[in-house]
Amino acid sequence: NPAGYLITAEGFVYLRGLLTTGVIPNPLFTLPAGYRPANTENLVTAPTTAAVPAWIQVTGAGSVIPQSGTSASGVSLDGIVFKAAQ
């Protein structure tokens, strides 16, 4: 799946998809207002192509930024959930 996001009626944001391009630590995309956390969230995810742990940072400004791993390629966003600012 391509990278994407959705928000529930309760205000939880779910990220999904596989990152196939990008350079660590450049933002991959920016979430729109209403989908952003109140504070920066550091969220662990599983790499799909290496045994190196990966984590994604989602800033209060909405930037989704890979922070570790060998590259942004092959990092899954599936399973990343956080509460949007109210």
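Here goes a summary of the coordinates provided.

With that settled, the discussion passes to the overall build of the chain. Scanning the chain from N- to C-terminus turns up zero helices and nine strands. Buried residues in the chain amount to 35% of all 86 residues. Of all intrachain contacts in the chain linking residues separated by at least 6 positions in sequence, the fraction that spans at least 24 positions is 61%.

Next up on the list: the pairing of strand β2 (residues 12-16). Of the two faces of β2, only the one carrying V13 and L15 is buried; F12, Y14 and R16 on the other face are not. With four bridges connecting them, strand β1 (residues 4-7) and β2 associate as antiparallel partners. Across the sheet, G4 pairs through a bridge with R16, a residue of β2. Here β1 folds back onto β2, and the loop between the two strands holds four residues, one of which, G11, carries a positive phi near 90°.

Once that is clear, we can look at the packing of aromatic side chains. Tallied over the full model, the rule gives two aromatic pairs. Ring geometry for Y5 versus Y35: centroids 5.3 Å apart, planes at 75°, classification edge-to-face. Linking Y5 in strand β1 with Y35 in the loop between β4 (29-30) and β5 (41-45), this pair joins segments that are 30 residues apart in sequence. According to the relative accessible area criterion, Y5 is partly exposed, its value standing at 35%. The rings of Y5, F29 and Y35 are connected pair by pair, giving a single aromatic cluster.

With 15 residues, the main nonpolar core has L15, L31, I56, V58, V64, L77 and F82 as its most contacted residues. Here the element with the most residues in this core is strand β6 (residues 54-58); it accounts for three residues. Ignoring any residue separated from it by four or fewer positions in sequence, one finds F82 in contact with G11, F12, V13, L15, L31, Y35, R36, P37, E41, L43 and V58.

Once that is clear, we can look at the pairing of β6. The element β6 is extensively covered by neighbouring structure, given that four of its five residues are classed as buried. Summarising the sheet, β6 and strand β7 (residues 63-66) pair through three bridges and their orientation is antiparallel. Looking at β7, one finds that Q57 is bridged to I65. Hairpin connection, β6 to β7: the antiparallel pair is bridged by four residues, and G62 has positive phi, about 95°.

Our next topic: the environment of L19. Structurally, L19 can be placed in strand β3 (residues 18-19). The exposure class of L19 is buried, given its relative accessible area of 4%. When the C-alpha positions of L19 and V75 are compared, they lie 5.3 Å apart, and in sequence the two are 56 residues distant.

Cut-offs and rules
Residues numbered from 1 in each chain as written. Predicted model: local features only at pLDDT ≥ 70, side-chain atom pairs only at ≥ 80, totals over all residues. Heavy atoms only, no water. Helix = DSSP H or I, 4+ residues; strand = E, 2+ residues; numbered from the N terminus. Buried < 20%, exposed > 50% of the residue type's maximum accessible area, 1.4 Å probe, protein only. Contact = heavy atoms within 4.5 Å. Pairing = 2+ DSSP bridges. Phe/Tyr/Trp six-rings, centres within 6.5 Å; stacked < 30°, edge-to-face > 60°. Core = buried A, V, L, I, M, F, W, Y, C linked by side-chain atoms within 4.5 Å.

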